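Fold and contact review
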Amino acid sequence: QVQLVESGGGLVQAGGSLRLSCVASGSIKNIGLMGWYRQVPGKQRESVALVTSSDRKDYDDSVKGRFTISRDNAENSLYLQMNSLKPEDTAVYYCMAADTSVPSVSWGQGTQVTVSS
């Protein structure tokens, strides 16, 4: 099992920026995919940005050009730089790691991001 520890959420005005961080520990040898998801009350969790171990990246259209995902494989860390934030970005953001050896998926506890108008 992989343990994920997140940080960086908070309150920000529209147009501002936040940087989310996630550190993975535990059975991390075969983590082939990491990413950020977000969820609002009453809706399903949705993918925001994904990155593979080979640094291939994919973004949801709603954040493309504003958010940047990065992964430091040596440090087992994941980041999400969020710029030009909009109120619709308000959600609980979760770090995700997929272990390709089992397979299994691990989640962080989530961090609240609130963007005011």
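The sections below set out a description of the structure shown in this document. (Residues numbered from 1 in each chain as written. Predicted model: local features only at pLDDT ≥ 70, side-chain atom pairs only at ≥ 80, totals over all residues. Heavy atoms only, no water.)

**Things to note about the packing of aromatic side chains**
In total, this model carries 1 aromatic pair according to the counting rule given. Here the guanidinium or amino end of Arg45 rests over the ring plane of Tyr94, the centre of that ring lying 3.7 Å away. Lying over the aromatic face of Trp107, Arg45 brings its terminal NZ or CZ to 4.5 Å of the ring centre. (Phe/Tyr/Trp six-rings, centres within 6.5 Å; stacked < 30°, edge-to-face > 60°. Lys NZ or Arg CZ within 6 Å of the ring centre and 35° of its normal.)

**Remarks on the state of the cysteines**
Within this structure, the stated rule accounts for 1 disulfide. The side chain of Cys22 participates in a disulfide bridge whose partner is Cys95; the two sulfur atoms lie 2.1 Å from each other. The chirality of the disulfide connecting Cys22 with Cys95 is left-handed, given an S-S dihedral of about -80°. Of the two residues, Cys22 sits in strand S3 (residues 18–26) while Cys95 sits in strand S9 (residues 91–99), which places them 73 residues apart along the sequence. This pair shows no difference in class: Cys22 is buried, exactly as Cys95 is. (Disulfide = S-S within 2.5 Å. Helix = DSSP H or I, 4+ residues; strand = E, 2+ residues; numbered from the N terminus. Buried < 20%, exposed > 50% of the residue type's maximum accessible area, 1.4 Å probe, protein only.)

**Regarding the nonpolar core**
By size, the foremost hydrophobic cluster in this structure holds 27 residues, and its most contacted members are Met34, Trp36, Leu80, Met82 and Tyr93. Those elements that provide at least two residues to this core are strand S1 (2–7), S3, strand S4 (31–39), strand S5 (46–52), strand S7 (67–72), strand S8 (77–82), S9 and strand S11 (111–116). If near-sequence neighbours (up to four positions away) are discounted, Tyr93 is found in contact with Glu6, Leu20, Tyr37, Arg38, Val48, Phe67, Leu80, Met82, Gly110, Thr111 and Val113. (Core = buried A, V, L, I, M, F, W, Y, C linked by side-chain atoms within 4.5 Å. Contact = heavy atoms within 4.5 Å.)

Fair warning: the whole summary comes from geometry, so function is off the table for now.
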